[in-house]
Amino acid sequence: MATLTNTDYALAANTIRGLSIDAIQAAKSGHPGLPMGMADIAAVLWLKYLKHYPANPKWVDRDRFVLSGGHGSMLLYSLLHLAGYNLPMDELKRFRQLGSQTPGHPEVGHTDGVETTTGPLGQGLSNAVGMALAERMLAARFNTDNTTFNPVDHRTFVFAGDGDLMEGVSHEACSLAGHLKLDRLILFYDNNYISIEGRTSLAYSDDPKLRFAAYGWHVLELDGHNYDDIDRVINEAIRLTGKPVCIVCNTIIGKGSPNKADTAGIHGAPLGDDEIRLTKEALGLPVDQSFFVADATRQLFAKRATTLAAIEQQWQTDFNSWLAADSARAALWQQHQNGTLPADLDSLLPTFDPAKAVATRTASGTVMNAIAPAIPFFIGGSADLAPSTMTYLKDLGDVAPGDYAGRNLRYGVREFGMCGIMNGIALHGGFRVFGATFFVFSDYCRPAIRLAALMKLPVIYVFTHDSFYVGEDGPTHEPVEQIAALRCIPGVTVYRPSDPTETAAAWAAALRNTNGPTALLLTRQNMAVIDRSTYPAAANLEKGAYTLWQNGSGTPDLTMLASGSEVELALEAAQKLNANVRVVSIPSWERFEAQSADYRNSVMDPACKKWMALEAGSSFGWQRYIGRCGETVTLDDFGASGPYKDLAKHFGFTADNVIAKAQSMLGN
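Report follows, based on the coordinates. (Residues numbered from 1 in each chain as written. Predicted model: local features only at pLDDT ≥ 70, side-chain atom pairs only at ≥ 80, totals over all residues. Heavy atoms only, no water.)

When helices and strands are tallied, the chain shows 25 helices and 20 strands. Taken over the C-alpha trace, the chain has a radius of gyration of 28 Å; the compact-globule value for 668 residues is 26 Å, and the two agree within 12%. By residue count, 60% of the 668 residues in the chain fall in the buried class. Pairs at least 24 residues apart make up 76% of the contacts formed inside the chain by residues separated by at least 6 positions. (Helix = DSSP H or I, 4+ residues; strand = E, 2+ residues; numbered from the N terminus. Rg over C-alpha atoms; globule rule 2.2 N^0.38 Å. Buried < 20%, exposed > 50% of the residue type's maximum accessible area, 1.4 Å probe, protein only. Contact = heavy atoms within 4.5 Å.)

We now examine the sheet that holds strand β2 (residues 156-161). Where strands meet in a sheet, backbone hydrogen bonds hold them as pairs that are either parallel or antiparallel. Strand order in the open sheet formed by 5 strands is β1-β2-β3-β7-β6, and the pairing between neighbours is parallel. In the strand order of this sheet, the two ends are held by β1 (64-67) and β6 (218-223), each with one partner. Within this sheet the neighbouring strands show an average axis-to-axis angle of 20°, counted without direction. Relative to strand β7 (residues 245-250), strand β3 (residues 185-191) runs parallel, the two sharing 6 bridges. (Pairing = 2+ DSSP bridges. Axes fitted to C-alpha atoms, helices over the stretch in contact; angles between N-to-C directions.)

Here we take up the environment of Trp622. Residue position: Trp622 is located in the loop between β19 (611-614) and α23 (623-626). Residues Trp622 and Ala405, 217 residues apart in the sequence, show an inter-C-alpha distance of 45 Å. Not counting chain neighbours up to four residues away, the residues in contact with Trp622 comprise Arg487, Leu561, Ile586, Trp589, Ala613, Glu615 and Thr634. At 3.0 Å, the side chain of Trp622 forms a polar contact with the side chain of Glu615. (Polar contact = N/O pair within 3.5 Å; in protein donor to acceptor, adjacent residues only side chain to side chain.)

Once that is clear, we can look at helix α9 (residues 227-239). Over its 13 residues, α9 extends 19 Å from the first C-alpha to the last, a length consistent with the 18 Å expected when each residue adds 1.5 Å. When we look at burial in α9, the residues that qualify are Tyr227, Asp229, Ile230, Asp231, Val233, Ile234 and Ala237. Residues of α9 that are buried make contact with α1 (6-27), α2 (33-49), β3, β6 and β7. The N-cap of α9, judged by a side-chain oxygen 3.1 Å from the amide nitrogen of Asp228 a few residues on, is Asn226. (Expected span 1.5 Å × (residues − 1).)

Our focus in this paragraph is the packing of aromatic side chains. Tallied over the full model, the rule gives 32 aromatic pairs. Seen from their ring centres, Phe212 and Trp217 are 4.9 Å apart, and the 80° between their planes marks the pair as edge-to-face. You can call Phe212 buried: its relative accessible area is 0%. The exposure class assigned to Trp217 is buried, which follows from its relative accessible area of 3%. Joined through ring pairs, the aromatic side chains of Trp59, Phe142, Phe149, Trp315, Phe319, Trp322 and Trp333 make up one cluster. It is Arg487 that lies over the ring of Trp589; its NZ or CZ is 4.0 Å from the centre. (Phe/Tyr/Trp six-rings, centres within 6.5 Å; stacked < 30°, edge-to-face > 60°. Lys NZ or Arg CZ within 6 Å of the ring centre and 35° of its normal.)

A few words on the sheet that holds strand β9 (residues 378-382). Taken in spatial order, the 6 strands of this open sheet run β10-β9-β11-β12-β14-β13, and their pairing is parallel. Edge positions in the sheet fall to β10 (408-410) and β13 (493-495), since each of these pairs with one other strand and no more. The sheet shows a mean angle of 20° between the axes of neighbouring strands, direction not considered. Bridge count for β9 against strand β11 (residues 432-438) is 5 bridges, and the pairing is parallel. The partner of Gly380 across the bridge, within β11, is Phe434.

Bringing the pattern of salt bridges into the picture now. The final tally for this structure, using the stated rule, is 25 salt bridges. When the shortest N-O distance is used, the salt bridge between Lys209 and Glu221 registers 3.2 Å. Remark: Glu221 occurs in strand β6 and Lys209 occurs in helix α8 (residues 208-215); sequence separation between them is 12 residues. A residue is classified by how much of its surface remains accessible, and Lys209, at 35% relative accessible area, is partly exposed. Judged by relative accessible area, Glu221 falls into the partly exposed class, the value being 36%. Note that Arg512 is salt-bridged to Asp346, the shortest N-O span being 2.8 Å. Within this pair, whereas Arg512 is found in helix α19 (residues 500-512), its partner Asp346 is found in helix α13 (residues 345-348), the two being separated by 166 residues in sequence. The class of Arg512 is partly exposed, set by a relative accessible area of 36%. Each of the salt bridges in this network shares a partner with another, and the network as a whole consists of Asp229, Arg232 and Glu236. (Salt bridge = Lys/Arg side-chain N within 4 Å of Asp/Glu carboxyl O.)

Buried residues dominate β9, accounting for 5 of its 5 residues. Neither face of β9 is exposed, since Phe378, Gly380 and Ser382 on one face and Ile379 and Gly381 on the opposite face are all buried. Bridge count for β9 against β10 is 3 bridges, and the pairing is parallel. Note on β10: the bridge partner recorded for Gly381 is Leu409.

What follows deals with the state of the cysteines. This structure, assessed with the given rule, holds 0 disulfides. No disulfide involves Cys246; its sulfur sits 7.8 Å from the nearest other cysteine sulfur, which is in Cys174. Cysteine Cys488 shares no disulfide, and the gap to the nearest cysteine sulfur, in Cys445, comes to 15 Å. (Disulfide = S-S within 2.5 Å.)

So, on to the nonpolar core. Core analysis: the largest hydrophobic core is formed by 109 residues, its most contacted members being Leu133, Ile425 and Trp507. Of the residues forming this core, the biggest block, 11 residues, is contributed by helix α5 (residues 123-142). Non-local contacts of Ile425, meaning those with residues more than four positions away in its chain, are made with Gly130, Met131, Leu133, Ala134, Ile379, Leu409, Tyr411, Phe431 and Val433. Counting 55 residues, the second largest nonpolar core, distinct from the first, contains Ala13, Leu50, Leu75 and Ala83. (Core = buried A, V, L, I, M, F, W, Y, C linked by side-chain atoms within 4.5 Å.)

The first and last C-alpha atoms of α5 sit 29 Å apart over 20 residues, in line with the 28 Å expected at 1.5 Å per residue. Where burial is concerned, most of α5 is hidden: 19 out of the 20 residues are buried.

What follows deals with the packing of helix α14 (residues 360-371) against α19. The geometry of α14 relative to α19 is characterised by a closest axis approach of 9 Å and an angle of 50° between their N-to-C directions. It follows from the interaxial angle that α14 and α19 lie oblique. Viewed along their axes, α14 and α19 form a crossing whose handedness is right-handed. Contacts from Thr360, Ala363, Ser364, Val367, Met368 and Ile371 in α14 reach Pro500, Thr503, Ala504, Trp507 and Leu511 in α19. Across the contact of α14 with α19, the residue classes break down as 8 nonpolar, 3 polar and no charged. (Parallel < 35°, antiparallel > 145°, perpendicular 65-115°, else oblique. Left-handed = near helix turned anticlockwise from the far one by under 90°. Nonpolar A, V, L, I, M, F, W, Y, C, P; charged D, E, K, R; others polar.)

Coordinates in, geometry out; function isn't part of it.
Structural data, given as structure tokens:
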């Protein structure tokens, strides 16, 4: 390709500006400021440096481009359209319309070329850190034969603005990225000094250069509207090693608008017909045409596409030779990329002795270490709580600064950052990732969990210390409402296993769930191991609920629904009642609701008139199963500090209390 000129870059950048303002005007809503302000940098990056291939959007060695400020989505959509992705002009004209490929904020899986769903500020940046970490970890495993070909050789580029850096998750993620020396990560910070309310100085006076230097990043600076400067600094950034790179980009928001540039008014509103006409005049675009793309602009991107096609095709040729040279390595690569689980997964699950009570968090750790050697792409860590959550993978090494061959991630006390990074790892591909913390701190994780569900990412959350049985730490650490909060996020599958054997089954179910996130809720306190030679198999957990025991046959007089630690309590009480009582273990509402109506009715007989729910958490939501007149043994307060057995008595989680409530319901 001939050397690009500043005129070429300006043509591409102004085309992006024109497409963006026209789409936003047509939609009567949107955010033109970011696309106009960052168009010059985007033009240089996409026309000269970004390695991708529109004809193969899932090419595993493509560079990842993340627009963390998803409100500026027309920047990305314009680039994707011009670059040759499957995003026709008609879709740009349908920006923000129902059913279009151009929703208000980018959505992965909805539009080819979009790497992650962004909009909630800071999360795209944390996803980018996860992508960069996954790249380094894959490289550590497969760039190992000292040949001239490395199958993993790409970068992660992310555009972020002041809103991203104000959000706390950016601190968590960028701090960890600096610590781990993720030198294939390049951040372009859009330093335009404008936020929605006005100048950023109203609420923000951080020095981003000092901030990122303190994190351990390389820090560069450029004039965001000087093509020579942009080119020089990007070229320098990709040559730097040993640290991630932050490029402070001094830009003008809404660049090109004669009357609204450098004002808060252009952040999140259409320019209006008059200002669009003046802007197009200033940019040299036809004022009487909307969605204009000059032939010369098409040619620029077509030439770049030709260059990229040759790069991708050469990679494919070298990659095929690399695979053919080592069948074992090829099989391992495919296992990582496809997430192939062992065919004998269930046989790898440990068994537990009914004579020995075990906390389900401890059982979980046993399960994880039993299956991890057979699943090489299974990785994860905790928010500085591995000894408590029992999530350390023994003898499998740590990921450390500059050393990415291990399987254990040390996130530090960064719950939100951990979950955002997990999303990035899952989006990148090549690994199945888990993250762990105390269940009460799932509140810190919730925004990232929501996006994981929206993106259908198969991440796994290990939430231990799942109820007031935490005990002495008191109500600040005793989850109550968190289980209801998780259950109401669409697409999240929650398992609260009743014993160690169900915990093993929950892990198998979580690994098989590739259509969204899974949360495992595990106890601090020891739980009796249910004797499965007497009671139904724990594999029934995958149905969400199943009849564990019934004192009689046919329609029961009373059905007790229990999850987790309360299944043991329900069994103890039910077996002392002189009535036809059914005990149902219901570890997962979501899985139960996915079963057929016939199965659900076989477990929860509609003819039964008396219902009780037992769960060491909020009663919220249980009415869907027990009705308005059902009884609950739940907790709708914040718990208390004390030994957990004392708390159980205090809050009524005793067999005597359950029996008394049941007898009252049964009339005896």
